[in-house]
Amino acid sequence: MNKIPTNDAEIIQKISELKEEKGALVLAHYYENLDIQHAADFCGDSFELAKRARESRKQIIVFCGVSFMAESAKIMNPEKRVFIPRADAGCQMADMVTPEIVLEMKKQHPNAAVVCYINSSAATKAVSDICVTSSNALKIISTLKEKEIIFVPDKNLGSFAAKHFPDKTFHFMQGWCPVHNDLTGEDLRRAKAEYPNAVVAIHPEAKAKILAECDYIGSTSGILDYCRMSDKNEFIIATERAIVERLSEEMPSKKFHLMSPCLTCPDMKKTTLSDLLYCLENLNNEVFMTPDKICAAKQPLERMLEAAKD
Ligand code: 13P
Ligand code: SF4
């Protein structure tokens, strides 16, 4: 009988054997717990993960992240089998937008292009013109000829993008990320007072008035690269806490401080090593979608990948 792994070292060893045995690619978002990131073949922000999933030659993709990310991997690789170790890991912002909301906004603004943040369901993508991620939103919008933009669901990322396109009119819905939107001016002031020598890096899902007072605004990968390349030694990080943990591990000579304890995404913290092991062993929680649904949601994602090319 196979020995059941009982400690982390044994679980990690078994995960590595199973990846090999099943020919599986394990992807992890940078907000996942560090042990999951270590066990993954590739970590990235949502754009990098979407690209990596599309380029995968492996027949099995196990996606450690939240459900819209695994769904996007399936949409771009319909012939592959995609699994998510925790099917209950969702994104509260993605749940705020529905196809009905988008269709109603389209009715009100018939000449507008619908730009949909990748943090959304396949059904919402299917009624949108093009997807964006936090790392490519500006680039993608710059390729659109329409003068009017419907931006869903994140009002904060949308407002951040809109500032760069004064010649376009933006229409927003009231959607937000509860993790980043909860940051307050008081959080920023307190962190700056406590760490006066630190520079501040923030994700564009935070409110405009906070973004305006920070030194760097970017996606999760953008923030990691900014800190890696900076000649500064101390940083206040205003995105999910796993980024602080990863940076502190990678660069022990620099100091990283989380702007506020509110920066914890409960859904990204759900996946454990045991969940990943179980998923690789049993191939449970497969992402299933009808070919019609895949086809409809694929277009805006493919348009994004095409428009993001240099
Ligand atoms: P990134 O696109 O920066 O990976 O962000 C995804 C996300 O969910 C941020 O909250
Ligand atoms: Fe969704 Fe916010 Fe969590 Fe990102 S941090 S997955 S936007 S709830």
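Overview of the structure. This one's a predicted model, so the numbers in the text were calculated from it and none came from an experiment.

Attention now moves to the side chain of His-257. Along the polypeptide, His-257 turns up in strand β12 (residues 255-258). Assessed through its relative accessible area of 14%, His-257 is described here as buried. Ignoring anything within four residues of it in the chain, the contact list for His-257 reads Tyr-195, Glu-234, Phe-235, Ile-236, Ile-237 and Val-244.

Another aspect to go through is the sheet that holds strand β1 (residues 24-29). If you trace the four strands from one edge of the open sheet to the other, you get β2-β1-β3-β4, paired in parallel fashion. Strands at the two margins of the open sheet, each flanked by one partner only, are β2 (42-44) and β4 (81-83). Neighbour-to-neighbour, the strand axes of the sheet open up by a mean angle of 25°, direction not taken into account. With three bridges joining them, strand β3 (residues 60-64) and β4 adopt parallel strand pairing. Across the sheet, the residue bridging to Ile-61 is Val-82, located in β4.

A negative phi angle is the norm for most residues apart from glycine, just as the trans form is the norm for most peptide bonds. Val-152 connects to Pro-153 through a cis peptide bond whose omega is -15°. Among the secondary structure elements, Pro-153 is positioned in the loop between β7 (148-152) and α8 (155-162). In this structure, Leu-283 is a non-glycine residue whose phi angle is positive, near 45°. Within the secondary structure, Leu-283 is located in the loop between α14 (273-282) and α15 (291-307). The phi angle at Asn-285 is positive, at roughly 55°, despite the residue not being glycine. Among the secondary structure elements, Asn-285 is positioned in the loop between α14 and α15. For Asn-285, a relative accessible area of 29% corresponds to the partly exposed category.

What counts and how
- Residue numbers restart at each chain and count upward from 1, following the sequence in its written direction.
- Following the order in which they are written, the chains are lettered starting with A and the ligands numbered starting with 1.
- Only residues with pLDDT of 70 or above have their local features reported here, since the model is predicted, and side-chain atom pairs are shown and tallied only from 80 upward, although totals for entire chains, interfaces and linings are computed over all residues.
- The side-chain quantities take in all heavy atoms of the structure and omit both hydrogens and water.
- Each helix is a run of DSSP H or I of at least 4 residues and each strand a run of E of at least 2, with the numbering of both proceeding from the N terminus.
- The buried label applies to any residue whose accessible area, calculated with a 1.4 Å probe on protein chains only, is under 20% of its type's maximum; exposed applies above 50%, and partly exposed to all values in between.
- Any two residues having at least one pair of non-hydrogen atoms within 4.5 Å are treated as being in contact.
- Pairing between two strands is assigned when DSSP locates at least 2 bridges connecting them.
- To get an axis, a line is fitted to the C-alpha atoms, and for a helix only the part in contact is used. The angle between two axes follows their N-to-C directions and goes from 0 to 180 degrees.

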